[in-house]
Amino acid sequence: AYQIEGGWNEDGKGESNWDHFTHYHKNKIKTHENGDVACDFYHRYESDIELMHKMHIPASRFSIGWSRVLPQGIGQINQKGIDFYNKVIDKSLKEGVTPWVTCYHWDIPQALEAKGGWTNRDVIKWFEEFVEVCALKFGDRVKNWMVFNEPMSFTLAGYMLGIHAPGGAISFDKFYASTHHVVMSHGAGGRIIREHVKNANVGTTFSCIPIDGWKDKPANLEAAKRVDVMANRLFIEPVLGMGYPLHDLPALKHIEKYIHAGDEEKMKFDFDFIGLQNYTRWVVKNLGLVPMVHAINIKPSKMGHDLTEMGWEVYPEGMYRIIKQFAAYPGVKKIYLTENGVAFKDELVNGEINDVKRIQYLKDYLQQVLKAKRGGINIGGYFIWSFLDNFEWAEGYRPKLGIVAVDYKTQQRTIKASGKWFSDFLKG
């Protein structure tokens, strides 16, 4: 929502933590930009959804802006916010584009952030109220739901490192508290959707990344195991009823002070599917000076592969590896690839964007998804990130990940060569 909608203070919408962060901590955005207007999807949703239909895109994954429907986070519902999402859902269905709704994609209302946000245990009941509103208002037409988007990203980057909203000084305690409250909210949100939405297909999404030890040295391989806990295991294992992986990352013992009696059972939820989001891999080496994981990433430029505009290594094999890793959990029934894509430098020449490197990237990564599917893994589907170029958080508008370009001055859309290729691919 924050990345594409704009209309940040229109029609009764409240301030979100990302509105606040980009307005008052603009130096933390590399380009000093914000999402006040973004792709202006708030006003252009009809033509954008029509474009999806024209491009044969059968499903659209989007999030509900918490502060658009509950401006203060709890209490009074903003009917105009509800009306907007109803119009998006109805238009999507009219155009044959199945809506897949993510409840939370990083934008908690600032009114709740001011009370501690995800570090405040009360956030579990705040989130329950928000999810219940979404389920009751949209569940008659929306059957595919994701509770969270990438919990590691907003807990680590936001509450521990302060490079994302809400910002602030480095804090390990905030990270441990927010992590546990998000884990608890997975089950809380999932149960509410199941209660109120008939025939709901309920999942959640995780950022995930294969981790290798530099030059296969024993100390580096041990470091890779610790980083794997943080990057891939921390959120899914307690949801699957396995508890927190404290044994393999002893620093996580500090999370125990936030666990109340009965929490272990409430952390569990039997999701219908898990969404995986993969772009690259990390290669790490042991370094005791680094807190928690005692490891540091090797520069991707040393790996000998192409790099994206984000400085990430292009490593298609990582997609297959991460699918296999998550499919090995007995509690994972089905996997969707809910994000995958790439930022390369786009050039508009004579009204065309010939992004051949993005086409090759998508082909290579899709081949790895197909390999996993042919190997017997239950793959439900694949969503590109992203349909439109958009606001990429602390990176601002510089990285272009869309298959449709956006001119932010005119809001003109241009289908890139990758978009035309993907459209043909989907058409068959």
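Here's a quick rundown of the structure. As the structure is a prediction and not an experimental result, all values here were calculated from the model. (Residues numbered from 1 in each chain as written. Predicted model: local features only at pLDDT ≥ 70, side-chain atom pairs only at ≥ 80, totals over all residues. Heavy atoms only, no water.)

So, the sheet that holds strand E8 (residues 295–297)
Applicable threshold: Between any two strands, at least two bridges found by DSSP are needed for them to pair. Here a strand is any run of E in DSSP of at least two residues, a helix any run of H or I of at least four, and the numbering for each starts at the N terminus. Angles run from 0 to 180 degrees between N-to-C directions of axes, and those axes are lines fitted to C-alpha atoms, restricted for helices to the stretch in contact.
A sheet is described by the order of its strands in space; here 3 strands give the open sequence E5-E7-E8, paired in mixed fashion. Single-partner strands in this sheet number two, and they are strand E5 (211–213) and E8. Each strand of the sheet is rotated relative to its neighbour by a mean of 40°, with strand direction disregarded. The pairing of strand E7 (residues 282–286) with E8 spans 3 bridges and is classified as antiparallel.

Concerning the sheet that holds strand E9 (residues 335–339)
Heads up, the rule is: What makes two residues a contact is simply this: any of their non-hydrogen atoms within 4.5 Å.
Taken together, the 7 strands give an open sheet; going across it, the order is E1-E2-E3-E4-E6-E9-E12, and neighbouring strands pair in parallel fashion. Only two strands of the sheet have a single partner each, and these edge strands are strand E1 (59–63) and strand E12 (379–382). Within the sheet, the average angular offset between the axes of one strand and its neighbour, ignoring direction, is 25°. Of the strands in this sheet, strand E2 (98–104) and strand E3 (144–148) are in contact with helix H6 (residues 123–138), which crosses E3 at around 170°.

Describing the environment of aspartate 107
Along the polypeptide, aspartate 107 turns up in the loop between E2 and helix H5 (110–113). Contacts of aspartate 107, omitting those with residues within four sequence positions, involve Ala1, Tyr2, Ser16, Asn17, Ile64, Gly65 and Trp66.

What to know about the packing of helix H13 (residues 356–374) against helix H14 (residues 417–427)
The line we're drawing: Gly is placed with the polar residues, together with every amino acid not listed as nonpolar (Ala, Val, Leu, Ile, Met, Phe, Trp, Tyr, Cys and Pro) or charged (Asp, Glu, Lys and Arg).
The N-to-C vectors of H13 and H14 enclose an angle of 35°; their axes lie 8 Å apart at closest approach. The residues of H14 that touch H13, namely those facing Arg358, Ile359, Leu362, Lys363 and Leu366, are Ala417, Ser418, Trp421 and Phe425. Here the contact of H13 with H14 is composed, by residue class, of 6 nonpolar, 1 polar and 2 charged.

Concerning a nonpolar patch on the surface
Applied cut-off: In this analysis, a patch consists of residues with relative accessible area above 30% that form no salt bridge, clustered at 9 Å for like charges and at 5 Å for the nonpolar side chains Val, Leu, Ile, Met, Phe, Trp and Tyr. Only the protein chains shown count as cover for residues, with accessible areas throughout obtained via the Shrake-Rupley method and a probe of 1.4 Å. Salt bridges are counted wherever a side-chain nitrogen of Lys or Arg sits within 4 Å of a carboxyl oxygen of Asp or Glu. Throughout this description, buried means an accessible area under 20% of the type-specific maximum (1.4 Å probe, protein chains only), exposed means over 50%, and partly exposed covers the range between.
A cluster of nonpolar side chains, Leu161, Ile163, Ile170 and Phe172, forms an exposed patch at the surface whose accessible area comes to about 360 Å². Take isoleucine 170: it is sitting in the loop between helix H7 (151–160) and helix H8 (172–196). On the basis of relative accessible area, isoleucine 170 is assigned to the exposed category, the value being 60%.

Some details on unusual backbone geometry
Backbone torsion omega between alanine 165 and proline 166 reads 10°, so that peptide bond is classified as cis. Structurally, proline 166 is set in the loop between H7 and H8. A cis amide bond links tryptophan 385 to the next residue, serine 386, at an omega of 15°. Mapping serine 386 onto the fold places it in the loop between E12 and strand E13 (404–407). Positive phi values are uncommon outside glycine, yet asparagine 199 reaches one of about 60°. Along the chain, the position of asparagine 199 falls in the loop between H8 and strand E4 (201–207).

What to know about the pattern of salt bridges
One pass over the structure, following the stated rule, counts 29 salt bridges. One salt bridge in this structure joins glutamate 339 and arginine 61, with 3.4 Å as the shortest N-O distance. With glutamate 339 in strand E9 and arginine 61 in strand E1, this pair connects stretches of sequence that are 278 residues apart. Residue classification places glutamate 339 among the buried positions, given a relative accessible area of 5%. Arginine 61 sits in the buried class, given a relative accessible area of 16%. Linking glutamate 222 and lysine 225 is a salt bridge whose minimum nitrogen-to-oxygen distance equals 3.4 Å. With glutamate 222 and lysine 225 both in helix H9 (residues 218–233) and 3 residues apart, this pair spans about one turn of that helix. Taking the relative accessible area as the measure of exposure, glutamate 222 reaches 41% and is therefore partly exposed. One network of salt bridges, in which partners are shared, links Asp346, Asp355, Arg358, Asp389 and Lys416.

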